[in-house]
Structures are given as C-alpha cells and as structure tokens.
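Structural description and commentary
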Amino acid sequence: MKHQNKEGSASCLTIDPLEHLCLSTPFHRNAFSESFISSLSSKNNNAPSSAKTFVAHDASFLSLLSSDPRVRFLAKDETGNSFAHEAGVWVESLNEVWFTSNLLCHRTTSQAEGLAKMRVDISAVNVSTGEVRKLHIPQVRAGNGACPYGRFVLFCDQGGDIEQPSRLILVDPENPHKAQNLINNFYGRHFNSLNDVIVLPPPHGRHAESVQSSDDIEFREALPKGSTIWFTDPTYGFEQSFRPAPQLPSQVYALDPHTGRIRVVADGFDHPNGIAFGPDGSTCYITDTSHIHGTGRLDPHLQSTIYAFDVVWLGNVQSAGGPSLQNRRVFAFADTGVPDGIKCDVMGNVYAGCGDGIHVWNPYGTLIGRIVLGAADSNLKAGCANFCFIPGGKLVCLSEDRVYLVEGLTVEGALL
C-alpha cells in the first residue's frame, strides 16, 4: 500500500444549468463511469477542464467551500485491488477511518485447479499520514457498511452460506477481537446481505437518558435508550454467489437494541443501499442502486435514485410504539453511476458517492455541486463507493483502489 500527498486543483468550475440544456450533437457518455462534465461542449472558449476538482451547478455550492479547497489521495493500492469500498467510519481515538474492501479474489495453492477464494478485507487509514493497516476482526467475515455506535463500530456482515447468516456486529476499536453479534435474523428468516447501517438518536424527550458504557456491560448499552439502528438489506450477496437464495424482500429495517423490537420500515426497493438522516433526524434518505446488479451487469434504465421519507414516531414507550417512515418521494437521481454511500451535513445538504466522485444536493433535492475526485491525480474515472465526514471540514472518500481526502469544506458532517 502506497500513500502519497498529490494535490488536485483548488479552483472551482461554475456551470450555468442553462448552458447544458441542449448539447451539441452527437453526444453520448457512459452513464456509470464517465462524468457529465466530459459531455459539455465548448462555448465561448469556456470548455470544462478535467483539472477542475470542484464543480458548482449552483452558486450556493460555493458557500460550502473555503478559499482553498482541495483533494489529495491518501492511499493507493498499486496492484489495482478494490481495497477501499464501503463503511467509512471515523474512529477519533485512533485518528483513523475504518473501511471495508470490495469482494477480492485470490488464488489458492491449488493453482492447477483454477480455484479462487473470495474475501473482504477490513482496513484503517491514518488521516494524517495516509498509512494503511489491515484489521483482523474474525467475527466479521464479509463486512460491508458500518457506522459509529457510541465509542464502538457497528458493522454489517453480509454473511456466507446457510451456516453463516448475515448480521450486525459491534466491534470495540480498542480491542477488535472483542465483538458482539447484535442481530442475525428476522423472526427466524435469514437476512439477504446487510449493506449499510446508521444509528438514529431518540427525538427530544423520548428515552433521552444516557447509559454509561464500560467493559463490564453489554455493548448495546453504549447508546442512549430510545436510539434505533436502521439498516438496508439488498440481494447483492445472492447475486454475487456467496449467499443462499433470498428469504425476504429487499427491505429496510429499524431495530431498538434495548428492547429487541425489530420492524420493517420501508420496502418497494430493487437494491436498497445507502441510508442517512438529516441533521434533525426528521428526514430519512435511502438510495436504490439497481443500476448495478450484483453480477456486475449495468442497466442505466434502472434506479440510481435517492428517496426521502418523513420520520414519524408512533405511540409511546408504554404502548410499544416506535419510528415509522411516511411520505415516500423521489429526492434525487444521480446522473453518473449510483448513489452508494450517503451522508448529510449540518445544514441539511445531502452528499452521495457516485460514479465520478461526490455529488451534493441541497435539502430541496437540487444538485448544487460535485467533487470530481479523480481530477486530483488524473484518474478521471474514479468514482466513490462510500465516504465519511471527519472534523475540520474534511471528507475521506473510498474509491476502490484509492482513498481520497477532501479538505477545505466550510461545513461539518451531521454525525448522528
């Protein structure tokens, strides 16, 4: 693993939406990996430059950038392995971001038989030095999404064969061998392959008391009572041939770790993937990434869509009430690739990892800007699978064979 500090351009390209309503014909681009910027024609000698890292589709995007925003890559796998794919969790105590790889294939000793074994690695990158270290967490076999859980990290384990169910696992960053299985079934039925997870704190006045965590009580007590865990469950594991046939629809779930109550909160998805909440917890955003099938097949007429829901709390503690999602609507459609990982900043803007980097929408669903990550190192087809905010107006972005660091934002992440 090689870490470098190569910087991209600090300048920002501003595009008037009126200028691309009609493009010069003929035009065509790969909707999954080729940035929209490359489709714009030259006009008044002001053709978009591939060196421009930050692209403003609306002037409001400029207010999110300092006078010197920049992108540099922290780490790179020289063999091209997709070592940086999902999760993206800021572990403050270690000054690291933890993440999981894409499915990696390596040959066994039986080369003559052409045998290969699939694996998923878990790694950490130091955000100051760019140094990458492998993490050995035996309980997480096929990690995918993850999120902070108090001082712990909560992983989605996609599972394996019928004896290895998909599950949520809590890990102690100070002692990764100390892990706890939180849930591995829905009333006796296997989850498909859990993909992404996030914790929603209780609304004001509801179960608000805190519970102090320590080594002598269960990990679940690391959160305030009333907090709920939300996770997505697409069928990617079956499509990638390491999970059994689905026993459940592709759905979204909410779990109360203190009471054990688990409920389906949303369905009707093809491949529910990323999930995030607005800064006040009143809006839930869920992505559908069916544009890309688990086999790798691309179908641009399918969803690359972010849906928004109102978060409504029904009933009360005594009546076994809980959170509900209502008023489903289309929030945005990603023009390049799929909106995989998704986060919000404290102002309610919505960020998603897409086929050419990070796209940013305002709270009304208007695309206001994008960060073309590959412009930092002339890797213009670099997308972003997932990312996370870290303090100081920074983003750590996972781009398969590279990890990028975005610096110079004027807003912080909504670290719910």
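Each value, and the rule that gives it
- Residues numbered from 1 in each chain as written.
- Predicted model: local features only at pLDDT ≥ 70, side-chain atom pairs only at ≥ 80, totals over all residues.
- Heavy atoms only, no water.
- Buried < 20%, exposed > 50% of the residue type's maximum accessible area, 1.4 Å probe, protein only.
- Helix = DSSP H or I, 4+ residues; strand = E, 2+ residues; numbered from the N terminus.
- Pairing = 2+ DSSP bridges.
- Core = buried A, V, L, I, M, F, W, Y, C linked by side-chain atoms within 4.5 Å.
- Contact = heavy atoms within 4.5 Å.
- Axes fitted to C-alpha atoms, helices over the stretch in contact; angles between N-to-C directions.

**Brief notes about the pairing of strand 15 (residues 228-233)**
With six of six residues buried, strand 15 is to be regarded as a mostly interior element. Across the two faces of strand 15 the burial is the same, with Thr-228, Trp-230 and Thr-232 and Ile-229, Phe-231 and Asp-233 all buried. Pairing between strand 14 (residues 197-200) and strand 15: four bridges, direction antiparallel. Of the residues in strand 15, the one forming a bridge with Leu-200 is Thr-228. Bridge analysis of strand 15 against strand 16 (residues 251-255) gives five bridges, and the strand direction is antiparallel. The partner of Asp-233 across the bridge, within strand 16, is Gln-251.

**Let's talk about the nonpolar core**
Membership of the largest hydrophobic core comes to 24 residues, with the highest contact counts inside it found for Phe-61, Tyr-351, Ile-371, Leu-395, Cys-397 and Val-406. Those elements that place two or more of their residues in this core are strand 2 (54-56), strand 3 (65-76), strand 24 (357-361), strand 25 (367-372), strand 26 (386-390), strand 27 (394-399) and strand 28 (402-409). The residues touching Val-406, leaving out its near neighbours within four places in the chain, are Phe-54, Arg-70, Val-71, Ile-371, Leu-373, Gly-393, Lys-394, Leu-395 and Cys-397. One finds Ile-183, Phe-186, Val-197 and Ile-262 within the second-largest nonpolar core, a separate group that totals 22 residues.

**What about the sheet that holds strand 11 (residues 152-157)?**
Strand order across the open sheet formed by four strands is 10-11-12-13, with antiparallel pairing between neighbours. Here the strands that pair on one side only, and so sit at the sheet edges, are strand 10 (143-149) and strand 13 (175-183). Taken pair by pair, the neighbouring strands of this sheet meet at an average axis angle of 30 degrees, ignoring direction. In the sheet, strand 11 pairs with strand 12 (residues 167-172) via five bridges, with the strands oriented antiparallel. Bridge pairing in strand 12 places Val-153 opposite Val-171.

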